[in-house]
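# Structural overview
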Amino acid sequence: MIVCELACFYEFIVALILSLVIGSIYDIVRCIPAQKRILTDCIYVIVCLGVMTFTWIFLLFGSLRWYVVLTVIFGVILYFLTISRYVFVFVSFITKKICKIFSFFLKFLLTPIKFLCKISLCMDKRGRMPKCKRGRAHDKDKIKI
């Protein structure tokens, strides 16, 4: 009898952790801009179904019981009512910081390429730079990059 109760408690804890994982994945997906929301919602559903299937087959040994399903539903509702907003703010903050760092490095790496493009667009057919007047080329139709 004690073994059965411990197994049920184990399944209950696994189902609660599963609901936290599902809620966290949803908060991460919510940080993506709305233009790509349909695609991310489809990916979210596929990932959640995969995570739930993996959990029920490998961690719960294929036993799908009603209290496990109710625990997942209750855990997701509890997650969204309590800590979802804090996780969303944290994930948004981290995402913005990563984007700033990535854009800085991208700008740093693309600066030499932009410079070379500007030089190559200002050259004439022989590969020489035209004479400049007051720091500007004589071309009236310069291309800006």
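Okay, so let's go over this structure. Only a predicted model underlies this, so the values are computations on that prediction, with no experimental measurement involved.

## Structural notes on the overall build of the protein chain
When helices and strands are counted, the protein chain shows four helices and two strands. Along the protein chain, from the amino end to the carboxyl end, the secondary structure elements read α-α-α-α-β-β. Residues classed as buried in the protein chain amount to 20% of the 145 residues present. Relative to all contacts within the protein chain whose residues are 6 or more apart in sequence, the contacts with residues 24 or more apart total 69%. For the protein chain, the exposed area adds up to about 11800 Å²; of that, 75% sits on carbon and sulfur atoms.

## Some thoughts on the pattern of salt bridges
Using the criterion set out here, one finds two salt bridges in the structure. The partner of Arg65 in a salt bridge is Glu11, with the nearest N and O atoms 3.1 Å apart. Here the residue Arg65 occupies a position in the loop between α2 (37–59) and α3 (66–82), and Glu11 occupies one in helix α1 (residues 2–30), the gap between them amounting to 54 residues. Note on Glu11: relative accessible area 6%, which makes it buried. A salt bridge links Arg30 to Asp27, with the nearest nitrogen and oxygen atoms 3.2 Å apart. In this pair, Arg30 and Asp27 are both assigned in helix α1, three residues apart and thus about one turn of the helix distant. Looking at Arg30, the relative accessible area reads 28%, which means it is partly exposed.

Conventions adopted
Residues numbered from 1 in each chain as written. Predicted model: local features only at pLDDT ≥ 70, side-chain atom pairs only at ≥ 80, totals over all residues. Heavy atoms only, no water. Helix = DSSP H or I, 4+ residues; strand = E, 2+ residues; numbered from the N terminus. Buried < 20%, exposed > 50% of the residue type's maximum accessible area, 1.4 Å probe, protein only. Contact = heavy atoms within 4.5 Å. Areas by Shrake-Rupley, 256 points an atom, 1.4 Å probe, with all protein chains shown as cover. Salt bridge = Lys/Arg side-chain N within 4 Å of Asp/Glu carboxyl O.

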